[in-house]
Amino acid sequence: MANRKIDLPPGVLQPREAVLKMAPYSPPTAGRFGKLRLDFNENTVGASPKVLEYLREHLTEDGLSVYPEYGEIKRELAEFFGVDPDDFILTNGTDEAIQVLINTYVDDDDEVLVLQPSYAMYRFYAEVAGAAVRTIPYRREKLAFPLEELLQTIRPTTRAILIANPNNPTGTGTSRAGIERILERAAGAAVLIDEAYYEFCGVTALPLLNDYPNLFVSRTFSKVFGMAAMRLGCLFSQSGNVDFLHKAQSPYSVNSVAVMAARAAIQDRTYIEKYVTEVLAARELLYVGLEKLGIKYYESKANFVLFEAGDRAIPLRDQLRQRGVLVRDRSYEIAGCVRVTVGTRDQVRRFLSELEQIW
Ligand SMILES: Cc1ncc(COP(=O)(O)O)c(C=O)c1O
């Protein structure tokens, strides 16, 4: 891409054209401690206590002084996910998985397909790479996955397709059969199925790995595992592809503390199962509460729900914040919509009681 000359303040070096063209993205990440955080779809009660216990026991000065080693954790994670250790890379959160995938397969001006609205980092990394991003809107009525529309958009030149299943912020998902149709139609493209919220819906493309060389699946420890601060994820594909992902990744992007935490986290399956059960019950409670208030919402397959607040979306978010409850305004991408994370039933009750007072 040719760099056009533009006027910048003195002393500012001109960046690449692709970066110049990007809209700034700055999620509201400050001042969240001490509040009821229903804004980032995190685990609202924290990681398993066994994770911290394990870190306290095993973290040493010596351990901190050496570069990370991944052999053992890869074997343990392979067993946990039911894949071969050669079928995935560890990543610094899903965000790095998206970045590595784009860096491995997408060149300047290549076509990348994303859905709209979806997780912002797909467009972000595609744009940083200078790709030509095409968007396919979710269906307006129920925000359903636009399978037919996506299939019609795929061309032989499409290089990557980035899909969250279930999707953020709509909460809607697509079936494994739908994913197979995409994989068949887009044989020449890297197809990412981002399963950040897999545990809440149970649909996964991982068993398709051996059948489709163009399939990439990501998982994260940021959501149900309650380890967003650790920045740890996995990117799965056939081992031939994984070799190339490795080539495009820096060797130590995942730190040793995250590796230790993951070892403990995957041993405490009960903690995860209990949390998922609690969230699913809380989601039902939230639906009932929203219905009572006459608020339209979209049924979700994840640990968050999108609801309609009309032209009050932003004031509502601000008033809830003053009352110590954080939610995310999404009205800039779906008119009038606010997204609330589902935590425990008690947290949903608190949210509903604050909402009732200002609705
Ligand atoms: C669909 C989706 N993928 C990935 C992420 C972020 O994952 P990570 O913390 O692993 O980078 C999010 C976070 O909101 C998300 O909604």
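Residues numbered from 1 in each chain as written. Predicted model: local features only at pLDDT ≥ 70, side-chain atom pairs only at ≥ 80, totals over all residues. Heavy atoms only, no water.

### Brief notes about the overall build of the chain
Part 1: Counting its secondary structure elements, the chain contains 14 helices and 13 strands.
Part 2: Along the three orthogonal principal directions, the C-alpha set of the chain runs to about 55 × 55 × 55 Å.
Part 3: Across the 359 residues of the chain, 52% fall into the buried class.
Part 4: Pairs at least 24 apart in sequence give 71% of the contacts found in the chain among residues at least 6 apart.
Part 5: Of note, the chain has its 42 positive side-chain charges centred 5 Å away from the centre of its 47 negative side-chain charges. (Helix = DSSP H or I, 4+ residues; strand = E, 2+ residues; numbered from the N terminus. Buried < 20%, exposed > 50% of the residue type's maximum accessible area, 1.4 Å probe, protein only. Contact = heavy atoms within 4.5 Å. Lys, Arg positive; Asp, Glu negative; His and termini not counted. Charge placed at Lys NZ, Arg CZ, Asp CG, Glu CD.)

### What about the site of the ligand?
Part 1: Around the ligand, a shell composed of 14 residues is seen, among which Thr94, Asp194, Tyr197, Thr220 and Ser222 lie nearest.
Part 2: Between Arg231 and the ligand, the recorded distance is 2.7 Å, taken from a side-chain N or O atom to an oxygen atom.
Part 3: Considered on its own, the ligand offers 400 Å² of accessible surface; in the complex 93% of this is hidden by protein.
Part 4: The dominant element in the shell around the ligand, judged by the number of residues it contributes, is helix α5 (residues 93–105), at 3 residues.
Part 5: In the shell around the ligand, the residues fall into 5 nonpolar, 5 polar and 4 charged. (Near = heavy atom within 4 Å. Polar contact = N/O pair within 3.5 Å; in protein donor to acceptor, adjacent residues only side chain to side chain. Areas by Shrake-Rupley, 256 points an atom, 1.4 Å probe, with all protein chains shown as cover. Nonpolar A, V, L, I, M, F, W, Y, C, P; charged D, E, K, R; others polar.)

### Observations concerning the packing of aromatic side chains
Part 1: Counted by the stated rule, this structure contains 13 aromatic pairs.
Part 2: Relative to Tyr122, the ring of Tyr119 lies with its centre 5.6 Å away and its plane at 85 degrees, an arrangement referred to as edge-to-face.
Part 3: Tyr122 gets classed as buried once you look at its relative accessible area, which sits at 0%.
Part 4: Between Phe221 and Phe225, the ring centres sit 4.6 Å apart and the planes meet at 40 degrees, which makes this aromatic pair tilted.
Part 5: Among the residues examined, Phe221 registers a relative accessible area of 1% and is labelled buried.
Part 6: Grouping aromatic residues by their ring pairs yields a cluster made of Phe80, Phe81, Phe88, Phe221, Phe225 and Phe236.
Part 7: In this arrangement the basic side chain of Arg219 is found over the ring face of Tyr198, its NZ or CZ atom lying 3.9 Å from the centre. (Phe/Tyr/Trp six-rings, centres within 6.5 Å; stacked < 30°, edge-to-face > 60°. Lys NZ or Arg CZ within 6 Å of the ring centre and 35° of its normal.)

### Concerning the sheet that holds strand β8 (residues 233–236)
Part 1: Strand order in the open sheet made by the 7 strands is β2-β8-β7-β6-β5-β3-β4, with mixed pairing throughout. The open sheet has two free edges, formed respectively by β2 (88–91) and β4 (132–137), since each of these has just one partner strand. Averaged over all adjacent pairs, the angle separating strand axes in this sheet is 20 degrees, with direction ignored.
Part 2: Direction of pairing for strand β6 (residues 190–194) relative to strand β7 (residues 215–220): parallel, over a ladder of 4 bridges. By the bridge assignment, Asp194 is partnered in β7 with Ser218.
Part 3: Of the strands in this sheet, β3 (111–116), β4, β5 (158–164) and β6 touch helix α6 (residues 120–128), which is tilted by about 160 degrees from β4. (Pairing = 2+ DSSP bridges. Axes fitted to C-alpha atoms, helices over the stretch in contact; angles between N-to-C directions.)

### Here we look at the sheet that holds strand β13 (residues 337–341)
Part 1: With antiparallel pairing, 4 strands are arranged side by side in an open sheet as β9-β10-β13-β12. Strands with a single pairing partner mark the edges of an open sheet, and in this sheet they are β9 (297–298) and β12 (328–329).

### Let's talk about the environment of Ile102
Part 1: By the element assignment, Ile102 lies in helix α5.
Part 2: Judged by its relative accessible area of 0%, Ile102 is buried.
Part 3: Residues Ile102 and Ala190, 88 residues apart in the sequence, show an inter-C-alpha distance of 8.8 Å.
Part 4: Not counting residues up to four positions away in its chain, the partners in contact with Ile102 are Tyr125, Ala126, Ala129 and Leu162.

### Section: the nonpolar core
Part 1: With 91 residues, the main nonpolar core has Ile182, Phe307 and Phe351 as its most contacted residues.
Part 2: Among the elements that make up this core, the one with the highest residue count is helix α12 (residues 269–292) (8 residues).
Part 3: The contact partners of Phe307, leaving out residues within four places of it in the chain, are Leu290, Ile295, Lys296, Tyr297, Leu316, Gly336, Cys337, Val338, Val340 and Phe351.
Part 4: Within the second largest apolar cluster, 25 residues are counted, among which are Met121, Tyr122, Ala164 and Val242. (Core = buried A, V, L, I, M, F, W, Y, C linked by side-chain atoms within 4.5 Å.)

Remember that the coordinates give geometry; whether it matters functionally is a separate question.
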